[in-house]
Amino acid sequence: AWGAAHMATVGGGADPSRTGYLCLLAAAVAGWSLVDVEHAARTAPGMEHYRTRNNPTGGRRTPRVPAEAASRLRRQWEKAQERATTYHYAPQERPERDLSELQGIVATVERMLTAFRVSPGRWTHTEHDLHDSTILTAIAWLSLRSGARDVAAPLRSIATLTGIPSTTVDRSLRRLRTAGWITRVREADGADGAVWRVSEKFSTPDVHVGPLHDMTARPPAQLFDIRATLLTDLEDRLEAGRHDIFTRGGLGPTARRIYEALTREGHNDQHISDRAGMPPSRTRAALARLKRHALATLTRDGWRRRVHDHRDRLARAFGLAGVLHRREQQYGHEREQWAWWNAELIRRAGKPTRRKTAATPRPVMFHLTDARGGPDMWPEYPRDADGLANHLEAMRYVRAGALQQLRDLELAA
């Protein structure tokens, strides 16, 4: 819904490029297809940027060459889809009533980033350390965006958000919890994921000398500006590192961390080393590797990311294209099987539950029911001859997308 106003902006507004990208981002979040986007690019006023270009002489915008317009649209659509992956798992923003809580969250995130920068021995020494800091970054982002200290962080959602396998995420959460960097506020319960909080170890207040009434909080405007800057920083880190090329078999977590530290502006080795929390020697080696694979470039101003993103091409060359997509599909199957099994346990307790499926209008001649209910109920969970649950058979049905067909067969019988 928030994209409707951007789509309707006449002529793309004052900044057609930005308006056009926001239209694509809204479409990606809403689940549009490329065909839908191509149709909107021909008709929506807000997507003027994909039809015309600025006139160098300052006159009216001139039409784009069709091939160039299509290529530009596809590139921007891929970026919007990548950004939408982050927002898919983002909690809804809520109106801030208690700014003192938001003040504490912002302070926690600032100190967390400072700890990453000044304590490389803890957060970047091993591959496990790198994973821990990435998981912690994701939880901090969820807290900062929602404005709540306690955030629901299901295992597979964090895995998709960071591009790290769910088994590795589980081990990282255990290490972070044991070390006291995060606290589990509530255990996972059925289909509801565990609720986590970033530890107070990051938000310990500075020593204050003098009366407490002299302590002044940040003005609201400044607080929200800092929050917006931190959100942009964390989102950029997550999106830059969540890619097939940085999975196992690709460039690895060290190259990922350095790529996350790069921006579109040039910076020297030391600045990138500080931002990444890496020793200078490892930073220089990783930068050389990124440059060799056309992911970083050295300019007069220093190191920066390449203008054209070559991560997809590089992932295809490494044979890794689609790894994260297949992983996300598997997580979806695991969620559905888990919901099916929980529904089976609830039914046996005498409380049948309906499946949450997309409405598919179709003519109904006969409304069949059985002891389980109507066609919108879960089918019977597969069992072996000895009566034990057959989870492998259940997963085969889920992967085949055959749960509704199985339920229809039960009713027909």
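Please refer to the structure higher up on the page.
The model shown is predicted, which means the values in this text are computed figures rather than measured ones. (Residues numbered from 1 in each chain as written. Predicted model: local features only at pLDDT ≥ 70, side-chain atom pairs only at ≥ 80, totals over all residues. Heavy atoms only, no water.)

1. Quick notes on the overall build of the protein chain
Part 1 of the argument: Within the protein chain one finds 17 helices and seven strands.
Part 2 of the argument: Taking all 413 residues of the protein chain together, 42% fall into the buried category.
Part 3 of the argument: The long-range share in the protein chain, meaning contacts at least 24 apart out of those at least 6 apart in sequence, stands at 67%.
Part 4 of the argument: Carbon and sulfur atoms make up 54% of the accessible area of the protein chain, which totals about 22700 Å².
Part 5 of the argument: Counting 64 positive and 48 negative side-chain charges, the protein chain places the averaged centre of each group 4 Å from the other. (Helix = DSSP H or I, 4+ residues; strand = E, 2+ residues; numbered from the N terminus. Buried < 20%, exposed > 50% of the residue type's maximum accessible area, 1.4 Å probe, protein only. Contact = heavy atoms within 4.5 Å. Areas by Shrake-Rupley, 256 points an atom, 1.4 Å probe, with all protein chains shown as cover. Lys, Arg positive; Asp, Glu negative; His and termini not counted. Charge placed at Lys NZ, Arg CZ, Asp CG, Glu CD.)

2. Some thoughts on helix α9 (residues 166-179)
Part 1 of the argument: With 14 residues, α9 should reach 20 Å at 1.5 Å per residue; the first-to-last C-alpha distance of 20 Å fits that figure.
Part 2 of the argument: Among the residues of α9, Ser166, Thr168, Val169, Ser172, Leu173 and Leu176 are the ones counted as buried. All buried residues of α9 fall inside an arc of 145 degrees around its axis, so they share one side. Looking at α9, the residues exposed on the side facing more than 90 degrees away from the buried face are Arg174 and Thr178.
Part 3 of the argument: Structurally, α9 contributes buried residues whose contacts are with α6 (120-123), α7 (127-146), α8 (155-162), β4 (182-186), β5 (195-198) and α15 (323-348).
Part 4 of the argument: Of the residues one or two after α9, Gly180 is the one with positive phi, at around 85 degrees. (Expected span 1.5 Å × (residues − 1). Arc of directions from axis to C-beta.)

3. What about the pairing of strand β6 (residues 296-299)?
Part 1 of the argument: Both β6 and strand β7 (residues 302-305) contribute to a ladder of four bridges, which runs antiparallel. Directly across from Ala296, in β7, lies its bridge partner Arg305. (Pairing = 2+ DSSP bridges.)

4. Some details on the layout of surface pockets
Part 1 of the argument: Its boundaries defined by the atoms lining it, the largest pocket holds a volume of some 1700 Å³.
Part 2 of the argument: Every residue lining the largest pocket is counted, 49 residues in all, and those nearest its centre are Glu78, Lys79, Gln81, Glu82 and Arg83.
Part 3 of the argument: Secondary structure elements with two or more residues in the lining of the largest pocket: α2 (16-29), α4 (66-88), α8, α10 (220-241), α14 (311-317) and α15.
Part 4 of the argument: Counting residues per element, the lining of the largest pocket draws most heavily on α4, at eleven residues.
Part 5 of the argument: For the lining of the largest pocket, the per-class residue count stands at 15 nonpolar, 15 polar and 19 charged. (1 Å grid on protein atoms, 1.4 Å probe; cavity = no way out; pocket = protein on both sides within 12 Å on 5 of 7 lines; lining within 4 Å. Points joined across faces, edges and corners; volume = space filled by probe spheres on them. Nonpolar A, V, L, I, M, F, W, Y, C, P; charged D, E, K, R; others polar.)

5. Overview of the packing of α10 against helix α11 (residues 252-261)
Part 1 of the argument: Two numbers describe how α10 lies on α11: the axes approach to 9 Å, and their chain directions differ by 140 degrees. In this view, α10 runs oblique relative to α11, as classed from their interaxial angle. The crossing of α10 and α11 is right-handed. Contacts between α10 and α11 involve Asp236, Arg237, Leu238, Ala240 and Gly241 from the first element and Arg256, Tyr259 and Glu260 from the second.
Part 2 of the argument: When its residues are assigned to classes, the contact of α10 with α11 shows three nonpolar, one polar and four charged. (Axes fitted to C-alpha atoms, helices over the stretch in contact; angles between N-to-C directions. Parallel < 35°, antiparallel > 145°, perpendicular 65-115°, else oblique. Left-handed = near helix turned anticlockwise from the far one by under 90°.)

6. A word on the sheet that holds β5
Part 1 of the argument: In spatial order, the strands read β3-β5-β4; together these three strands make up an open sheet with antiparallel pairing. In this open sheet, the two edge strands, each paired with only one partner strand, are β3 (150-152) and β4. The mean inter-strand angle of the sheet, taken between neighbouring strand axes irrespective of direction, is 35 degrees.
Part 2 of the argument: With three bridges connecting them, β3 and β5 associate as antiparallel partners. Of the residues in β5, the one forming a bridge with Ala152 is Val195.
Part 3 of the argument: Along the sheet, α7 makes contact with β3, β4 and β5, crossing β3 at roughly 110 degrees.
Part 4 of the argument: This element, α9, spans β4 and β5 of the sheet and lies at about 105 degrees to β4.

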